[in-house]
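Geometric and topological summary
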Amino acid sequence: MLKEFREFAMKGNVVDLAIGVIIGAAFGAIVSSLVGDIIMPIIGSITGGLDFSNYFTGLSKAVTASNLADAKKQGAVLAWGNFLTLTLNFLIIAFVLFIVIRAINTFKRHEEATPAAPPKPTREVELLTEIRDLLKKA
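Just so it is clear, the model here is predicted, and its values are computed rather than measured. (Residues numbered from 1 in each chain as written. Predicted model: local features only at pLDDT ≥ 70, side-chain atom pairs only at ≥ 80, totals over all residues. Heavy atoms only, no water.)

Focus on the overall build of the chain
So the rule is basically this: Secondary structure elements are taken from DSSP: a helix is a run of H or I of four residues or more, a strand is a run of E of two residues or more, and numbering for both begins at the N terminus. Both definitions apply: the radius of gyration is a C-alpha atom measure, and the globule rule equals 2.2 Å times residues to the power 0.38. Relative accessibility decides the category of a residue: with a 1.4 Å probe and only protein chains considered, values under 20% of the type maximum give buried, values over 50% give exposed, and everything between is partly exposed. It only takes one pair of heavy atoms within 4.5 Å for two residues to be counted as in contact.
In terms of helices and strands, the chain carries 5 helices and 2 strands. In the chain, the order of α-helices and β-strands from amino to carboxyl end is α-α-β-α-β-α-α. Its C-alpha radius of gyration of 31 Å places the chain more than 25% over the 14 Å reference for a compact globule of 138 residues. Looking at the chain residue by residue over its 138 residues, the buried ones come to 10%. Taking the contacts inside the chain whose residues are at least 6 apart along the sequence as the reference set, 36% of them involve residues at least 24 apart.

See the structure below:
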């Protein structure tokens with residue numbers, strides 16, 4: 001097993017994995033900031049400041065608090081509001097990425113849609129075309 005791991009590491013897969021994890025962590029931080037600091041405040045202003053993250057259902061009768069943090073201290077709670085908030089964040093991110101990727105793909109299609117003009121035929125090709133046309137008439 002140690003030998004297999006050494007071969008795996010020597011092939012560069014570990015380095016690729018580490019780079020992927022670092023880039024993924026950086027991208028995650030950027031996306032979290034985008035959603036938390038830019039997109040959600042706009043949505044919050046549209047919905048009147050509605051925030052689902054504090055919604056919960058107490059799983060025991062001892063939970064009487066109206067605040068999620070206090071309710072967790074009193075007993076077991078089902079914090080479904082946080083799940084709903086994270087699900088909405090995911091859907092918003094997916095939609096924004098869809099729009100961005102769609103715009104990029106549209107731009108690429110427009111770029112590829114203009115074909116290059118065919119080169120002007122050489123004098124030899126013109127002469128051969130004339131000979132072919134004359135032979136067809138004969």
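What to know about the environment of Gly75
Structurally, Gly75 is set in the loop between α3 (68-74) and β2 (77-78). Of the residues examined, Gly75 reaches a relative accessible area of 25% and is grouped as partly exposed. Each residue touching Gly75, except ones within four places of it in the same chain, is listed here: Ser60 and Val63.

Comments concerning the pattern of salt bridges
Opposite charge on two side chains permits pairing when their charged atoms draw close. The test is simple: Take a side-chain nitrogen of Lys or Arg and a carboxyl oxygen of Asp or Glu: if they are within 4 Å of each other, that pair is a salt bridge.
This model, assessed by the stated rule, comprises 2 salt bridges. With its nearest N and O atoms 3.4 Å apart, the salt bridge here joins Glu126 to Arg123. Placement of both Glu126 and Arg123 in helix α5 (residues 123-137) is noted, with a separation of 3 residues, approximately one turn of the helix. In this structure, the salt-bridge partner of Arg132 is Asp133, at a minimum N-O distance of 3.3 Å.

Brief notes about a nonpolar patch on the surface
This is how the line gets drawn: A patch is a set of surface residues, each over 30% in relative accessible area and not in a salt bridge, joined within 9 Å for like charges and within 5 Å for the nonpolar side chains Val, Leu, Ile, Met, Phe, Trp and Tyr. The accessible surface values rely on the Shrake-Rupley method and a 1.4 Å probe; as for residues, cover is taken only from the protein chains in view.
Among the surface-exposed residues, Leu50, Tyr55, Leu59, Leu78, Trp80, Leu84, Leu88, Phe90 and Leu91 lie close enough to one another that they form a single nonpolar patch of about 840 Å² accessible area. In terms of residue count, helix α4 (residues 80-113) provides more of the nonpolar patch than any other element does, 5 residues in total. Checked against the element boundaries, Leu91 lands in helix α4.

Points about the side chain of Thr85
Locating Thr85 in the fold gives a position in helix α4. What makes Thr85 buried here is its relative accessible area of 14%. When neighbours within four sequence positions are excluded, Thr85 is seen to be in contact with Asp51, Phe52 and Ser53.

A closer look at the environment of Leu84
Tracing the sequence through the fold places Leu84 in helix α4. Taking C-alpha positions, Leu84 is 9.2 Å from Tyr55, a pair spaced 29 residues apart along the chain.

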